[in-house]
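Structure at a glance
Residue-level listing of the chains:
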Amino acid sequence: MAASKSLLDSLKKPEPTNFRMTDFRRELHLRHKREEHAKKEKLRALQESKYVSRYAITIDTSRARSNCDVLRMSIKELGFKEYPFGRKDNCCDVHWHACHFEENPEVFGGKVNKFPGMSEICSKMTLFRCLDIMRDLFPTDYDFYPRTWYLPAQFHEFSCEIRKMHERRVKPKPTFIIKPDTGAQGDGIYLLREPNEYSSLSGKCHVAQEYMSNVYLIDKFKFDFRIYVLLKSLEPLEFYICQEGLARFSTLPYENPTNKNIHESFMHLTNYSLNKRSSTFNRSDRDDEGSKRTLTSVLRRIAMNGHDSNKVWKSIERIVCKTIVAIVPEMKVEYQAAIPPGKTGPSCFQVLGFDILLLQNLKPILLEINASPSLSLDSEQEVSPGVFEYVLSPKDEEVKYPLIRDTLLHVVPIDKLKYFRKKKKQRLLKKLKASTSQKSKRPDPPVKQRTSIVIIKADESDEEKREVNVTQQMSEMHMDVDSHGDSTARDVNSDDERESNIKSDTELDEEVDNYFETKLRESCLKQLYPAIYDEECERYRILERVAGLFIFFLGIRGSLRIGPTGFRTFARKCRLNRKGMTNASVDIMYIDLQRRWDHMNPERTSGKKGNGGSVVSSNTGLCYQGFLDACIEIARRKFYAPTKIEMLENLVDHCELNLNLRDNDLANNLPRLHFRRLGLQYRQGSMYAMPRRVIDQMTEETTIEDLLKAHEKKLRQPSREDIEAFLRKSRRMIYQPSSGSRVISVTKSPDSE
C-alpha cells in the first residue's frame, strides 16, 4: 500500500510555487483600454503631421464631452479645423470645456468658453446675494426675483417671516421652495409650509424662496423659459441674447399647492432632467405641442391669446442686462485671481442659461442661472419597458445648433475670420463663374429635317399631276424659307439672352457680399450691451468701481480675500481718518464683518478648491461681498445722503480722488456715468481723459489764463522766495540765505522748542 501511494504521488504534477488567480475580464478590459489609447495616439500623430495654414481657425474639442455633437456640426459648416484629441502645443484659437475653466491648466492663449469661478458665482447663494445688494441700492429696478433667505444662517429670520404670515392669515397659505446651493437638474428641491420641515442634518447650505403659485399656464401646464446668453467679454463688457430658446413644461396639470399635492414634483417643477422620467412626458415633434417646445412657438401662443408678446420679450432682455451687471464685479475679482495682471493667459467667453418663469400677469421672474447649460442634441426615448435609447431631438437642434455656430463666429480671431471669408468668397465666385460659363456653352438643339409625301391619284391627267407637284413643291419651298428665317431669328435671340445671362465680376462680387450680409443678418444672437441698453444700465455699474478698489488693496497676487493689513491700508490711503474713522473702529469693523461672512459661508471657508475650479481662500480674510458691506456701512456713517446709492457714490469718489490712482491702477472699463460726473470725455475701454490733479485744478481755476499761469508755474524753477515761503509755512525750519554762496542752513524754530 505504501509503495502504491508513493507511485501515485510521483505521477502528480508539481504545483507552481507562485500561483495567483487571474481575472480575465479585467485583463480584457485593460487590453481594450490600451488598444483605444494606442489608436488615439496614432490619430493624434497623424493629425499633427498634416499641414495646417496659419490662417486656419482651430477648435480644441478634446474636453467638450456632451457638447461634441453640436460643436462638430458647427465646425463642419463653418469650415474650421477641429482637434478632437487636443493639440500638442495647446495653441488653438478656441478651447471648448464642458464644465469649468481649469479643466486644462496648460492653456496660455486663445479663448476658453468658461470664466474662472463662474460656477460659484452662478450658485444660488452668491447669485441672489448679488441681486439683494442691487435691490438694496435700486429697490424699484431689481424686483424681478422672489424674496430669498439663506439657510441655515438666516433660519431665524425665515421662521419669523412664516409666523408673521400665519398671524396675518395670508391667503392662499404661503408656500416656500427649498433649493440646494450647488444643486442642478432639480436634485434636492422640495416645497414646504412650516419651518420645522426644513432639514439641516446634511450640513449643506440652501436658499429658501417664496413659491410663485399664480403662474401663467398653457394647456393647464406650468412652464418656464430657458434663455441662452453669450457673455463675450468683461472688459469691455459685451453680451448677446439668443432670440430662440426652449420652453420646458411640467408633465402633470398644474394646481395651486396644497397639503395633498405639495410633493408632486412633476407638477410644480419644470426641469427637463426631472420630467423626462415621467410616464406622461410628451415627445411630440410639433412646435406647439409636447413637454419641450421652442420659445418662439410659446410667444406666438401668448400673442394668439391676446397678449403683447413683444413686451414680454423686452422685459426678459432687461432682466438679463440687470442680472449680468450685478454679477460682473464678482467675475472681475475671480478673473484677477485666476489670471493676475502681467500673467499670460487665455481670454474667456461663456454661454449662460437663464431660467425665466412667467406670472399670471405675464411678468417674468428670474429663477436661476445655469453656468453650464446642456448643449446636447439627443434625448432619451423608451423603446421598451425599462430600455432607453438616445435619439436626435429636432427642437434641440433647431435651438442649439445656430447658437453654437454664431457663438464661434463671434469669438474667433477677427483677422483669421476676415481671411477665411475672403477665401470662401473666392471659392464661391469661382463656383458661380463656372456655373454661368456652363450655361453660356450650352449646345444648340438639333434641326429637324422636313419630309413630305405627295399622294397622286391614278385617274388624274399628266398636266394636273405636274401642276400639283409644282404647286406643292413651291409651297414647300416657301414653308422651308419661312421656317429657316424663324429658326435663325430664334438663334439670334437665344445668343442675346445667353450674353445677358453672363454676369460681370462686379455683379458676382455684389451677389457674394449680399450672401454674407444675409448670413450675418440671420444670426440668432442679438447684442444687448452696449448696443441697446448702454444708457439704461450705466447707473447700475457703481459696484464695479468698488471691485476695482478691492482688487487694488488685496495685496497678495491672485488672492480672493483682503486681510486686516490691506483693510487698514485702504482706510489710511483713502484718508478716512479725516472723516472720523479711527484705527480701532476700522479694526473692529473688519473683525465683525469677517465673522459674519464666515458664518454665512461655512462651505467656502475651508481653503479648498470650490466648484468650477475657483480657488476658495482660507478663512483669514474678508471676501468681496464683505468688503462691499464695509463700504456701504462707512458711506452710511460718514457720507450721508438722501439715498444709499448717493452715499456709496460719494464714498467711492472720495477714495479715488484721495488715492490719486494712475490710469492703469483701476479697472479700465469704468461706466460712462463715472466719467460724466467727473466732467471727462468718455472713451469706451480706455483710460481717463486727463489725470485727477488736472481735474482738481480745473475745479479751482476756471479761466484759460489761470490754467496757463498754473502750467508756467509748474514748468519754471522755484525761486528763493518760493522756498522761503514753503519753509515758513511748514513751521519746522527757517531758511537763512547766505550772501556769498547759495547754501541753505537749517536751524530749529523757536516754536518747536
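Now for a quick tour of the structure. Since we're looking at a predicted model, the values are computed, not measured. (Residues numbered from 1 in each chain as written. Predicted model: local features only at pLDDT ≥ 70, side-chain atom pairs only at ≥ 80, totals over all residues. Heavy atoms only, no water.)

**Focus on helix H19 (residues 644-659)**
- Spanning 16 residues, H19 covers 23 Å between terminal C-alpha atoms, matching the ideal 22 Å at 1.5 Å per step.
- Burial analysis of H19 places twelve of its 16 residues in the buried class, which makes it a mostly covered element.
- All of the buried residues in H19 are Ile645, Met647, Leu648, Glu649, Leu651, Val652, Asp653, His654, Cys655, Glu656, Asn658 and Leu659. (Helix = DSSP H or I, 4+ residues; strand = E, 2+ residues; numbered from the N terminus. Expected span 1.5 Å × (residues − 1). Buried < 20%, exposed > 50% of the residue type's maximum accessible area, 1.4 Å probe, protein only.)

**Topic: helix H6 (residues 155-168)**
- For H6, spanning 14 residues, the distance from its first C-alpha to its last is 20 Å, which sits close to the expected 20 Å at 1.5 Å a residue.
- A positive phi of about 55° marks Arg169, the residue just after H6.

**Digging into the packing of aromatic side chains**
- Counted according to the given criterion, the structure contains 24 aromatic pairs.
- Taking 5.1 Å as the distance between ring centres and 25° as the angle between the ring planes, the aromatic pair formed by Phe223 and Phe249 counts as stacked. Taken together, the positions of Phe223 in strand S9 (residues 223-233) and Phe249 in strand S11 (residues 246-249) put the pair 26 residues apart, joining distant regions of the chain.
- A relative accessible area of 1% means that Phe223 is categorised as buried.
- When its relative accessible area of 2% is taken as the criterion, Phe249 is described as buried. (Phe/Tyr/Trp six-rings, centres within 6.5 Å; stacked < 30°, edge-to-face > 60°.)

**Some thoughts on the sheet that holds strand S1 (residues 58-63)**
- With parallel pairing, five strands are arranged side by side in an open sheet as S2-S1-S3-S4-S13. Because the sheet does not close on itself, it has two edges, and the strands there are strand S2 (81-83) and strand S13 (347-348).
- Pairing analysis gives two bridges linking strand S3 (residues 94-97) to strand S4 (residues 111-112), with the strands arranged parallel. Looking at the pairing, Val94 lines up with Lys111 of S4.
- Together, S1, S3 and S4 form the strand contacts of helix H11 (residues 394-411), whose direction differs from that of S3 by roughly 140°. (Pairing = 2+ DSSP bridges. Contact = heavy atoms within 4.5 Å. Axes fitted to C-alpha atoms, helices over the stretch in contact; angles between N-to-C directions.)

Nothing here speaks to function; it is geometry throughout.
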